[in-house]
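# Analysis of the macromolecular model
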Amino acid sequence: QGTLGTDGPTPFAKSSVASLRGVVDVNLVSVMLACRYAGRGLVVAGRAGRMGMDTGAARKNIVGKGEGEEGNGKAEGEGQLSVVTPSIVNISSLLGVMGGRGVASYTASKAGMIGLSRSLAAEYGRMGVRVNTLVPGYIDTPMTEHGEWT
């Protein structure tokens, strides 16, 4: 009960502890764990990129030319990215910024994701890793057609 996306809005006072934990686990804790896991490798790549070191396969994918492959006719570095700048992009919700009726746990989890991204941007940014959050507006779906969450 109260898990936005499955049961619809529920007054906060009627939300079960299991429902609150479920929403926060899915929307925030999972993102925290993914950022923690991804951050370990991205920090290494970010440091290498900032120091001008070859970052291997990631660099090949961005530049589009690997060892032994034919070039595109351009001079080395011309019109191509040559430094890997790893990033983490989290997707939150407009409700995480403005709130809504009956969605307190969802709103808190999405606002927490925005705060997490800001904190990680400060922490990882010093090591060459960008962290951002996308906050899409409402998308016209059967779940949003009645405007129950605004």
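## Focus on the overall build of the chain
A tally of helices and strands in the chain yields four helices and two strands. Across the chain, helices and strands are ordered from the amino to the carboxyl terminus as α-α-β-α-α-β. Looking at the chain as a whole, 32% of its 150 residues are labelled buried. Considering only residue pairs separated by 6 or more positions, the chain has 64% of its internal contacts joining residues 24 or more positions apart. Here the chain displays about 9,400 Å² of accessible surface, and carbon together with sulfur accounts for 56% of that area.

## Description of the nonpolar core
Ranked by size, the top nonpolar core spans 12 residues in total: L28, V31, C35, V43, I88, M113, L116, L120, Y124, M127, V129 and V131. Of all the elements in the fold, those that place two or more residues in this core are α1 (17-50) and α4 (104-125).

## Focus: the environment of V29
Tracing the sequence through the fold places V29 in helix α1. Distance in space between the C-alpha atoms of V29 and S109 is 8.6 Å, their sequence separation being 80 residues.

## Some remarks on the confidence of the model for the chain
Considering every residue of the chain, the mean pLDDT works out to 78; 66% of them sit at 70 or more. When the criterion is pLDDT under 50, residues 57-67 qualifies, and its contacts beyond four places in sequence or with other chains add up to 18 contacts.

## A closer look at a nonpolar patch on the surface
A cluster of nonpolar side chains, namely V97, M98, V135 and Y138, defines an oily patch on the protein surface of about 370 Å² accessible area. Mapping V135 onto the fold places it in the segment after β2 (130-134). Looking at V135, the relative accessible area reads 35%, which means it is partly exposed.

## Section: the environment of M113
Summarising the element assignment, M113 is placed in helix α4. For the pair M113 and L28, spaced 85 residues apart in the sequence, the C-alpha separation amounts to 5.9 Å. The residues touching M113, leaving out its near neighbours within four places in the chain, are N27, L28, V31, N90, I91, S92 and T133.

## With respect to the environment of L42
Looking at where L42 falls in the secondary structure, it is placed in helix α1. Each C-alpha atom, one on L42 and one on S87, is 7.4 Å from the other, the two residues being 45 residues apart in sequence. Sequence-distant contacts of L42, that is, excluding residues within four places in its chain, are made with P86, S87, I88 and V129.

Reading the values: the criteria
- Residues numbered from 1 in each chain as written.
- Predicted model: local features only at pLDDT ≥ 70, side-chain atom pairs only at ≥ 80, totals over all residues.
- Heavy atoms only, no water.
- Helix = DSSP H or I, 4+ residues; strand = E, 2+ residues; numbered from the N terminus.
- Buried < 20%, exposed > 50% of the residue type's maximum accessible area, 1.4 Å probe, protein only.
- Contact = heavy atoms within 4.5 Å.
- Areas by Shrake-Rupley, 256 points an atom, 1.4 Å probe, with all protein chains shown as cover.
- Core = buried A, V, L, I, M, F, W, Y, C linked by side-chain atoms within 4.5 Å.
- pLDDT = per-residue confidence, 0-100.
- Patch = residues over 30% accessible without salt bridge, like charges linked within 9 Å, V, L, I, M, F, W, Y side chains within 5 Å.
- Salt bridge = Lys/Arg side-chain N within 4 Å of Asp/Glu carboxyl O.

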